[in-house]
Amino acid sequence: MTPDQLLALDRAHVWHPYGPMPGRSDPFVVEAAEGVRLRLGRPVEGRDELIDGMSSWWAAIHGYRHPVLDAAVTDQLGRMAHVMFGGLTHEPAVRLATRLVELTPEPLQHVFLADSGSVSVEVAAKMCLQYWSSRGRPEKHKLLTWRGGYHGDTFHPMSVCDPEGGMHHLWRGVLPRQVFADAPPDGFDRPLDPAYVAHLDALLARHAAESAAVIVEPVVQGAGGMRFHSPELLRVLRELCDAHELLLVFDEIATGFGRTGALFAADHAGVSPDVMCLGKALTGGYLTLAAALCTTEIAEGISGGAVPVLAHGPTFMGNPLACAVANASLDVLLGQDWRTEVKRIEAGLAEGLAPARELPGVKDVRVLGAIGVVQLDAEVDVPAAARAAAREGVWLRPFRDLVYTMPPYLTSDEDLATICRGVLAATATIV
Ligand code: PLP
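On a predicted model such as this, the values are computed, not experimentally measured, just so you know. (Residues numbered from 1 in each chain as written. Predicted model: local features only at pLDDT ≥ 70, side-chain atom pairs only at ≥ 80, totals over all residues.)

## So, the overall build of the chain
Counting secondary structure elements, the chain contains 13 helices and 16 strands. A principal-axis box enclosing the C-alpha atoms of the chain has dimensions of 65 × 55 × 45 Å. Within the chain, the fraction of its 431 residues that count as buried is 48%. In the chain, 73% of the contacts between residues at least 6 apart in sequence involve partners at least 24 apart. (Helix = DSSP H or I, 4+ residues; strand = E, 2+ residues; numbered from the N terminus. Buried ≥ 20, exposed ≤ 12 C-beta atoms within 10 Å, placed from the backbone. Contact = placed C-beta atoms within 7 Å.)

## Some remarks on the site of the ligand
Close to the ligand lie 14 residues; G117, S118, G152, I253 and A254 are nearest. Broken down by element, the shell around the ligand gets its largest block of residues, three residues, from helix α5 (residues 117-134). Partitioning the shell around the ligand into residue classes produces five nonpolar, seven polar and two charged. (Near = placed C-beta within 6 Å. Nonpolar A, V, L, I, M, F, W, Y, C, P; charged D, E, K, R; others polar.)

## Examining the environment of T104
Looking at the element boundaries, T104 is found in the loop between α4 (91-103) and β4 (108-114). For T104, a count of 24 C-beta atoms within 10 Å translates into the label buried. Each C-alpha atom, one on T104 and one on M276, is 8.6 Å from the other, the two residues being 172 residues apart in sequence. Apart from residues lying up to four places away in sequence, T104 is in contact with F264, M276 and L293.

## With respect to the packing of helix α3 (residues 67-77) against helix α10 (residues 320-334)
A pair of packed helices can be characterised by two numbers: the angle between their axes and the separation between those axes. At a closest axis distance of 8 Å, the pairing of α3 and α10 adopts a crossing angle of 150°. It follows that α3 is roughly antiparallel to α10 by the angle criterion. The way α3 lies across α10 gives a crossing that is right-handed. Contacts between α3 and α10 involve V68, L69, A72, V73, Q76 and L77 from the first element and P320, L321, A324, V325, N327, A328, S329, D331 and V332 from the second. (Axes fitted to C-alpha atoms, helices over the stretch in contact; angles between N-to-C directions. Parallel < 35°, antiparallel > 145°, perpendicular 65-115°, else oblique. Left-handed = near helix turned anticlockwise from the far one by under 90°.)

## What about the UniProt feature "modified residue: N6-(pyridoxal phosphate)lysine" (unreviewed entry) in the chain?
UniProt feature "modified residue: N6-(pyridoxal phosphate)lysine" (unreviewed entry): in the numbering of this structure it lies at K280. With respect to the helices and strands, the residue K280 is situated in the loop between β11 (275-278) and β12 (290-295). Setting aside anything within four residues of it in sequence, one finds K280 in contact with W57, W58, A59, G117, I253 and A254. (UniProt positions renumbered as here; feature names shortened; annotations may be inferred.)

## Remarks on the domain arrangement of the chain
Domain boundaries in the chain define domain 1 (3-65 + 337-428) and domain 2 (71-334). The C-alpha-based centres of domain 1 and domain 2 are spaced at 27 Å. Of the residues lining the interface, 23 residues belong to domain 1; the matching set on domain 2 comes to 18 residues. Grouping the amino acids of the side of domain 1 that touches domain 2 by side-chain chemistry returns 16 nonpolar, four polar and three charged. (Domains from an automatic or database assignment.)

## What to know about unusual backbone geometry
Here M21 and P22 are connected by a cis peptide whose omega angle stands at 0°. Located in the positive-phi region is W57, a residue other than glycine, with phi close to 60°. Looking at the secondary structure, you find W57 in helix α2 (residues 55-58). Among the residues examined, W57 registers 16 C-beta atoms within 10 Å and is labelled partly exposed. At F257, a position not held by glycine, the phi torsion is positive, near 70°. Structurally, the position occupied by F257 is in the loop between β10 (247-251) and β11. Of the residues examined, F257 has 26 C-beta atoms within 10 Å and is grouped as buried.

Written out as structure tokens, the structure is:
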């Protein structure tokens with residue numbers, strides 16, 4: 001198939017994320033990917049190769065075609081690609097679950113292996129609602145969150161996405177009605193704002209009787225606006241949840257596995273949630289897999305209820321290929337000094353993005369771990385901005401008023417400098 005034929009068929013038949021049908025602008029055709037580079041099937045802006053500034057949406061932390069991850073998939077393929085998880089088990093899943101329990105905060109002891117991040121959030125919500133229902137309090141069924149969040153595209157996750165700026169306002173009328181606090185004050189290093197803490201306390205107190213849990217993205221709100229907040233707030237949330245009889249869920253689907261400079265964002269605060277969702281970089285971006293981890297208190301609460309099972313079981317639950325590559329991804333991550341690598345990326349982004357502060361139309365430039373964000377005064381023209389980055393040899397996917405990057409951890413200093421030039425070029429398209 002020629003690239004032109006491929007694009008014609010793509011336009012006619014294939015939905016893309018958050019896209020219209022038929023599509024309005026042609027996606028770039030990727031033929032292969034290796035290291036941090038995407039090889040294009042048809043040149044864009046004279047480039048047949050782009051450095052990936054997105055890690056395929058937080059996932060490809062080790063880049064592409066990593067020999068250890070490739071070998072893990074091939075090896076597992078020689079045993080079995082998939083087998084149902086009902087009534088059967090296998091070493092890749094058990095090993096992965098055990099390692100996740102060891103790596104995450106100590107109270108998290110039980111692992112549900114879901115097939116996507118959104119499904120893991122659904123499972124987390126079910127765990128919390130069913131826990132209270134099993135304890136004879138079915139009226140505790142709402143979720144509390146703060147504005148500016150993003151938790152996925154199925155119904156419970158959509159219901160806790162930002163209700164105004166978010167992507168799911170179309171569904172407000174039919175989604176479960178949840179409770180929203182104001183967005184957390186911006187700034188990772190910002191001291192706690194007592195007025196905001198009082199606001200959270202009052203809201204939780206008012207709604208605790210009808211609510212099961214608080215769910216938040218710890219430290220970084222991703223697709224809701226790429227905002228950073230103080231880890232201190234997580235400690236406050238833990239205390240408030242305990243005081244008001246609410247469970248606490250951390251959605252670490254984007255932040256997990258080192259992205260913010262800590263293995264999990266919760267580690268910045270030394271706080272354990274009752275449920276933690278993981279996904280994206282769990283498999284190094286190779287295959288779709290997510291996890292919802294919970295405490296023994298929740299597991300035993302559910303098992304002691306009138307329906308003593310968690311009624312959820314996707315066909316591809318615990319997929320052996322995905323679990324095998326997740327184990328390999330952990331081997332690679334933990335087998336290197338990933339903290340130093342993420343710190344190096346943080347320093348490179350801070351230096352390379354600093355000139356954006358001088359550009360007209362730039363509202364804010366912020367960096368945390370391997371995440372760099374330029375926020376603009378106006379909405380960006382996404383195809384134009386992506387092409388401007390491509391001219392510099394970089395793949396970026398800006399959205400709304402944000403041009404941002406979260407590169408693979410093995411990105412060299414030279415490639416990182418190129419990525420920053422791509423961000424600046426994409427930023428300059430709004431003026
Ligand atoms: N939660 C967060 C914080 C996310 O960033 C995402 C995806 O971007 C999700 C949940 C949904 O994950 P998935 O796209 O795998 O369903």
